[in-house]
Amino acid sequence: EKIEPIFFDSETYEENIGGKLNARLKIAKAATSFDLIVNLPKLKTHGFMGITCAGKILFGFVPGIMKAQCHLRFKDPVYFADMLIDLAKYINPKINLVDAVEAMDGEGPSSGKAFHAGFIGISDNPFEIDAFLSESASLDERRLYTVVSSKTRGLVDPSKRKVLGDNLQIKGFELPQKRSTATRAKIFDLASRFLTAYVDFDRGKCTKCYECFRSCPAQAIGRDERGYPYLKDDSACIRCYCCDELCSANAVILNYPWLLKLLSR
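Let me begin by describing the structure that accompanies this report.

Cut-offs used in this document
Residues numbered from 1 in each chain as written. Predicted model: local features only at pLDDT ≥ 70, side-chain atom pairs only at ≥ 80, totals over all residues. Heavy atoms only, no water. Axes fitted to C-alpha atoms, helices over the stretch in contact; angles between N-to-C directions. Helix = DSSP H or I, 4+ residues; strand = E, 2+ residues; numbered from the N terminus. Parallel < 35°, antiparallel > 145°, perpendicular 65-115°, else oblique. Left-handed = near helix turned anticlockwise from the far one by under 90°. Contact = heavy atoms within 4.5 Å. Nonpolar A, V, L, I, M, F, W, Y, C, P; charged D, E, K, R; others polar. Patch = residues over 30% accessible without salt bridge, like charges linked within 9 Å, V, L, I, M, F, W, Y side chains within 5 Å. Areas by Shrake-Rupley, 256 points an atom, 1.4 Å probe, with all protein chains shown as cover. Salt bridge = Lys/Arg side-chain N within 4 Å of Asp/Glu carboxyl O. Buried < 20%, exposed > 50% of the residue type's maximum accessible area, 1.4 Å probe, protein only. Core = buried A, V, L, I, M, F, W, Y, C linked by side-chain atoms within 4.5 Å. Phe/Tyr/Trp six-rings, centres within 6.5 Å; stacked < 30°, edge-to-face > 60°. Disulfide = S-S within 2.5 Å.

1. What to know about the packing of helix α3 (residues 126–136) against helix α4 (residues 145–152)
Part 1: Two numbers describe how α3 lies on α4: the axes approach to 10 Å, and their chain directions differ by 120 degrees. Viewed along their axes, α3 and α4 adopt a mutual orientation that is oblique. In this structure, α3 meets α4 at a crossing whose hand is left-handed. Here Phe127, Asp130, Ala131, Ser134 and Glu135 of α3 lie close against α4, whose contacting residues are Val147, Ser150 and Lys151.
Part 2: For the contact of α3 with α4, the residue count by class is three nonpolar, two polar and three charged.

What follows is the structure, encoded as structure tokens:
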């Protein structure tokens, strides 16, 4: 039977994905269009998260340029990993089939080198198989943020794990060289003004509940002489959009800069 490809950028919707961060993301409609999702990741290294496997690969459901916005919103690796875990739980793939016949180690995800691991793994739990593979390769879990997050949140339990098949040992698999998170954050700070929406407020809808004012982690929102909220300091705004997520009156307006509109075409 013919397999029909689906382009994730063409049909999207915004959704609060719940979980630990309770963040709202733009997601491909395919996330909720099928009875069952089969996840087909490669085992690869990743400069930011350590590895890309069953958990992180589901970030692909966030379309196009919106991935850059997520990186800008969740700049801290622990915070970013929690977002990925929340998204993976929301997508909820029932089958996770990891291709590690030819994997990638070193400076992934795009400049690594081929690594012959020679196996295929399958699990109904994307977090469990990621943790199992990292343990099999004796990787430093302090650098595997999604693995640490899933274990901390009780999504992985090695004591209840049932492993069928060969005793797997992956030798010589190398993680990327550790990169400076501070340097990465500075780069994204420079890009944030051109690639993320800036906040404004619709006074006609605003009820002056001040939830946006109270919830702003950067304290970038003020109140004018009539009591309406406004963005008092755009340079302080970290583009987390908590104000937009928590506004029950839909009074927060997200204005997209011209460069972001151009790249989104």
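2. With respect to the packing of helix α2 (residues 77–91) against α4
Part 1: Between α2 and α4, the least distance of the axes is 9 Å, while the angle of their chain directions is 65 degrees. One element, α2, and the other, α4, form an angle in the roughly perpendicular class. The interaxial crossing formed by α2 with α4 has right-handed handedness. Residue-level inspection shows Pro77, Val78, Ala81, Asp82, Leu84 and Ile85 of α2 in contact with α4, the latter providing Tyr145, Thr146, Ser149 and Ser150.
Part 2: Within the contact of α2 with α4, the residues separate by chemical class into six nonpolar, three polar and one charged.

3. Topic: a nonpolar patch on the surface
Part 1: On the surface, a nonpolar cluster with roughly 690 Å² of combined accessible area is contributed by Leu36, Val38, Leu40, Ile95, Leu97, Val101, Ile120 and Ile122.
Part 2: Looking at the nonpolar patch, the elements with two or more residues in it are β6 (95–107) and β8 (119–123).
Part 3: Broken down by element, the nonpolar patch gets its largest block of residues, three residues, from β6.
Part 4: With respect to the helices and strands, the residue Leu97 is situated in strand β6.
Part 5: Look at Leu97 and you get partly exposed, because its relative accessible area is 33%.

4. Structural notes on the environment of Ala100
Part 1: Residue placement: Ala100 occurs in strand β6.
Part 2: Look at Ala100 and you get buried, because its relative accessible area is 0%.
Part 3: Taking the C-alpha atoms as reference points, Ala100 and Phe119, 19 residues apart in sequence, are found 5.3 Å from one another.
Part 4: Setting aside residues up to four positions removed in sequence, Ala100 forms contacts with Leu43, Ala117, Gly118 and Phe119.

5. Description of the nonpolar core
Part 1: Ranked by size, the top nonpolar core spans 50 residues in total, and within it Leu25, Ile27, Leu43, Phe61 and Leu133 carry the most contacts.
Part 2: If you list the elements that add at least two residues to this core, you get β2 (24–28), α1 (66–73), α2, β6 and α3.
Part 3: Top element by residues in this core is α2. It accounts for eight residues.
Part 4: With residues up to four places along the chain from it excluded, the contact list for Leu25 reads Tyr13, Glu14, Glu15, Ile17, Val62, Cys70, Arg73, Phe74, Met83 and Leu87.
Part 5: Counting residues in each nonpolar core, the second largest holds 15 residues, with Cys206, Cys212, Ile221 and Tyr228 among its members.

6. Regarding the packing of aromatic side chains
Part 1: On inspection of all chains with the given rule, the structure shows five aromatic pairs.
Part 2: Ring centres 5.5 Å apart and planes at 80 degrees place the aromatic pair Phe59 and Phe80 in the edge-to-face group. In this pair, Phe59 sits in the loop between β5 (50–52) and α1 while Phe80 sits in helix α2, placing the two residues 21 residues apart along the sequence.
Part 3: Residue classification places Phe80 among the buried positions, given a relative accessible area of 0%.
Part 4: Here a set of aromatic residues connected by ring pairs shows up, and it is made of Phe48, Phe59 and Phe80.

7. Focus on the state of the cysteines
Part 1: Here the structure, examined in full by the defined rule, presents zero disulfides.
Part 2: The thiol sulfur of Cys243 is not disulfide-bonded, and the nearest other cysteine sulfur, from Cys212, lies at 6.5 Å.
Part 3: On the basis of relative accessibility, which here comes to 9%, the residue Cys243 falls in the buried class.

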